[in-house]
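Below are the chains, spelled out letter by letter.
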Amino acid sequence: MNILLINPPNCGRSIPEERYGIVSLKQIFRGEPLALEELAGNLLQHNVHIVDLKANPAGLDEILSGLRPDIVGITGVTCEANSMLKIASQVKKHCAPIVVVGGIQASNDPGFFNHQDVDFIVVGLGKKTFADLAALLEAGQYHDIILPGLIPTRPGQVIQRPLFCSSVGDLVEDKPPAYELVKKYRSHYVLEKLGVNMGFVASACGCTHRCSFCCITGQTGGKYLTKSIDAVVRDIKLLGDIPVIRLVDANTFGDIERAKNLCRALVRSELKKQYLADIRSDTVVRHPEMLREWKEAGLRAVIIGFEETSDESLSAMNKANKSSINTEAISILNDLGITIVGDFIISPDYDEGDFERLGIYLDQNRIDLPMITVMTPLPGTPLYQQQKNRIVNHNLDYYTLTNAVTKTRLNEKLFYTLYAELISSSHKNARI
Ligand code: B12
Ligand code: SF4
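Residues numbered from 1 in each chain as written. Chains lettered and ligands numbered in written order. Predicted model: local features only at pLDDT ≥ 70, side-chain atom pairs only at ≥ 80, totals over all residues. Heavy atoms only, no water.

**Points about unusual backbone geometry**
Part 1 of the argument: Within the chain, Asp 144 stands out as a residue other than glycine whose phi angle is a positive 50°.
Part 2 of the argument: With respect to the helices, strands and loops of the structure, Asp 144 is situated in the loop between α6 (127–138) and β6 (150–152).
Part 3 of the argument: Since its relative accessible area comes to 73%, Asp 144 is described here as exposed.
Part 4 of the argument: The backbone of Asn 318 shows a phi angle near 60°, a positive value even though the residue is not glycine.
Part 5 of the argument: Looking at the element boundaries, Asn 318 is found in the loop between α12 (311–316) and α13 (323–336). (Helix = DSSP H or I, 4+ residues; strand = E, 2+ residues; numbered from the N terminus. Buried < 20%, exposed > 50% of the residue type's maximum accessible area, 1.4 Å probe, protein only.)

**A closer look at the pattern of salt bridges**
Part 1 of the argument: With the rule as written, the count across this model stands at 23 salt bridges.
Part 2 of the argument: A salt bridge links Arg 19 to Glu 412; the nearest nitrogen and oxygen atoms lie 2.9 Å apart. In this pair, Arg 19 sits in helix α1 (residues 15–20) while Glu 412 sits in helix α16 (residues 412–426), placing the two residues 393 residues apart along the sequence.
Part 3 of the argument: The partly exposed category is assigned to Arg 19, whose relative accessible area is 48%.
Part 4 of the argument: The shortest N-O distance in the salt bridge between Lys 260 and Glu 289 comes to 3.6 Å. A residue pair is termed long-range when its members are at least 10 positions apart, and Lys 260 in helix α9 (residues 256–268) and Glu 289 in helix α11 (residues 288–297) qualify at 29 residues.
Part 5 of the argument: Residue classification places Glu 289 among the partly exposed positions, given a relative accessible area of 39%. (Salt bridge = Lys/Arg side-chain N within 4 Å of Asp/Glu carboxyl O.)

**Overview of the nonpolar core**
Part 1 of the argument: Formed by 135 residues in total, the largest nonpolar core has its most connected members in Leu 5, Leu 60 and Trp 294.
Part 2 of the argument: No other element matches the seven residues that α16 contributes to this core.
Part 3 of the argument: Both of domain 1 (2–152) and domain 2 (189–426) provide at least three residues apiece to this core.
Part 4 of the argument: The contact partners of Leu 60, leaving out residues within four places of it in the chain, are Leu 4, Ile 6, Val 51, Leu 53, Ile 87, Gln 90 and Val 91. (Core = buried A, V, L, I, M, F, W, Y, C linked by side-chain atoms within 4.5 Å. Domains from an automatic or database assignment. Contact = heavy atoms within 4.5 Å.)

**What to know about the side chain of Thr 406**
Part 1 of the argument: Structurally, Thr 406 can be placed in the loop between α15 (382–387) and α16.
Part 2 of the argument: For Thr 406, a relative accessible area of 3% puts it in the buried group.
Part 3 of the argument: In contact with Thr 406, other than residues within four places in its own chain, are Pro 348, Pro 377, Gln 387, Arg 390, Ile 391 and Val 392.

**Section: the site of ligand 2**
Part 1 of the argument: Taken together, Cys 207, His 209, Cys 211, Phe 213, Cys 214, Ala 250, Arg 280 and Lys 319 form the complete shell of residues around ligand 2.
Part 2 of the argument: Grouping the amino acids of the shell around ligand 2 by side-chain chemistry returns five nonpolar, one polar and two charged. (Near = heavy atom within 4 Å. Nonpolar A, V, L, I, M, F, W, Y, C, P; charged D, E, K, R; others polar.)

**Examining the packing of helix α14 (residues 352–364) against α16**
Part 1 of the argument: One can describe the packing of α14 onto α16 by two numbers: an axis separation of 10 Å at closest approach and a directional angle of 5°. Classed by the angle they form, the pair α14 and α16 counts as roughly parallel. Here Glu 352, Phe 355, Leu 358, Gly 359 and Leu 362 of α14 come into contact with α16, specifically with Leu 414, Phe 415, Leu 418, Tyr 419, Leu 422 and Ser 426.
Part 2 of the argument: When its residues are assigned to classes, the contact of α14 with α16 shows eight nonpolar, two polar and one charged. (Axes fitted to C-alpha atoms, helices over the stretch in contact; angles between N-to-C directions. Parallel < 35°, antiparallel > 145°, perpendicular 65-115°, else oblique.)

**Some words on the sheet that holds strand β7 (residues 190–191)**
Part 1 of the argument: Spatially, β7-β8-β11-β12-β13-β14-β15 is the arrangement adopted by the seven strands of the open sheet, whose pairing is mixed. Edge positions in the sheet fall to β7 and β15 (369–374), since each of these pairs with one other strand and no more.
Part 2 of the argument: Of the strand pairs in this sheet, strand β12 (residues 274–278) and strand β13 (residues 299–307) are connected by four bridges, and their pairing is parallel. Within the sheet, the bridge partner assigned to Asp 278 lies in β13 and is Ile 303. (Pairing = 2+ DSSP bridges.)

**Describing the environment of Ser 203**
Part 1 of the argument: With respect to the helices, strands and loops of the structure, Ser 203 is situated in the loop between β8 (196–201) and β9 (204–205).
Part 2 of the argument: Remark: the alpha-carbon pair of Ser 203 and Ile 360, spanning 157 residues in sequence, is separated by 36 Å.
Part 3 of the argument: Ignoring any residue separated from it by four or fewer positions in sequence, one finds Ser 203 in contact with Thr 226, Lys 227, Val 232, Leu 247, Asp 249, Thr 252, Arg 258 and Leu 262.

Take a look at the structure:
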């Protein structure tokens, strides 16, 4: 079968830019489409291609001029959902392939893709399901296909998210990501602050926590699934001489014994890479000795969801963490010399005092690169259930986490002005 896997272009719209000319809040990140490389790794018996429209926005027309795919797979996050449908429509017009969508938005809000230009929606990790689907289609079976997490579309009818949890078998870890399929785009995948190439490796999927705003739960049904240490080391080796590895897991340190073993395996393998990985602040506080070992193994930076500065706000998000723990983690990481990328979430309910309070916190605590987003009720999350009646902007193009889609308490222009000022002042000494 000819299989084409598509990464949508950088998209997402910006209210502050469109309404107030504030351009500094729009974010453009770079990185390889690991989801598609993982899927492709289990499809190599087919003629499989990846087109990365973030790296080459004209890439779809170019590849379609020489290829008639039998199956098209499209990935995407929430702000890319409308673009995914546009791409589906474009490929359907071109050669009527079977169109399959998957990824974080499809997993959390599959109903959005119940559309005439989409044939199947995949909820969850999908690496096994997609390969099994391709095999059935190749054998000529187009109907009555039942596979874990697979939803055939029925436009006009209501479809339900299946009660499905991914399992460790869905990682299909014996089939590594097909990194070679994005070779021609590799020069685009740079860590801009350092100007060095960065490769992505998934070592674990999902998270057992239940933060109300977070869409990760939808990916595995709340399970934490880990790859074997050997598979992680193998994937890092496959990236060759790329110096910086971003472990893209929602939490690389969700199983402490495994995290220690992974660290020791990295040292033993003498890979000499630098690593960026996500961790919770309570893990840092409970296991500083593990972080010290990881620092020796090459851990350059950690990404931590601090989210808010008060226990009350953390509790309202069901973060299961404390402000004092966040502060202690910052101090431990500063002492260890590990760079901190710190995620914070401002609420559309923020007033001037709230912006000031966060600004003071960021002045007083050394977070090397604060990443500040706006609380967004992403479809499929508990926060969405709480806030759905307050949403004033339903266009998913704006669900970039840098727009307020519920009404701001402050005058909207003032809200975005203070948001932009906070980012600008907190990034003055930013480094990674
Ligand atoms: C790496 C990453 C990126 C990369 C993506 C590289 C790319 N695709 O080009 C970059 C840096 C570019 C990026 C950008 C953004 N990101 Co990002 N990113 C991540 C991160 C850290 C890891 C994703 C990943 O690679 N996982 C590993 C792969 C293997 O897992 P996966 O993506 O879930 O894919 C598996 C399954 O879902 C499934 N699957 C996926 N697609 C498909 C398709 C088909 C057909 C099938 C069958 C299956 C399938 O198969 C895969 C293998 O099992 C996640 C957080 C996290 N830990 O998940 C945030 C995350 C996905 N990003 C997020 C956001 C918000 C963004 C931005 C909007 C940020 C911004 N404001 O600009 C932009 C979006 C791009 C844009 N502006 O248009 C949010 C998404 C929330 C949401 N629901 O929308 C997340 C969850 C982080 C968060 N804060 O919560 N991101
Ligand atoms: S925000 Fe982090 S800790 Fe909370 S559920 Fe999401 S991945 Fe887990």
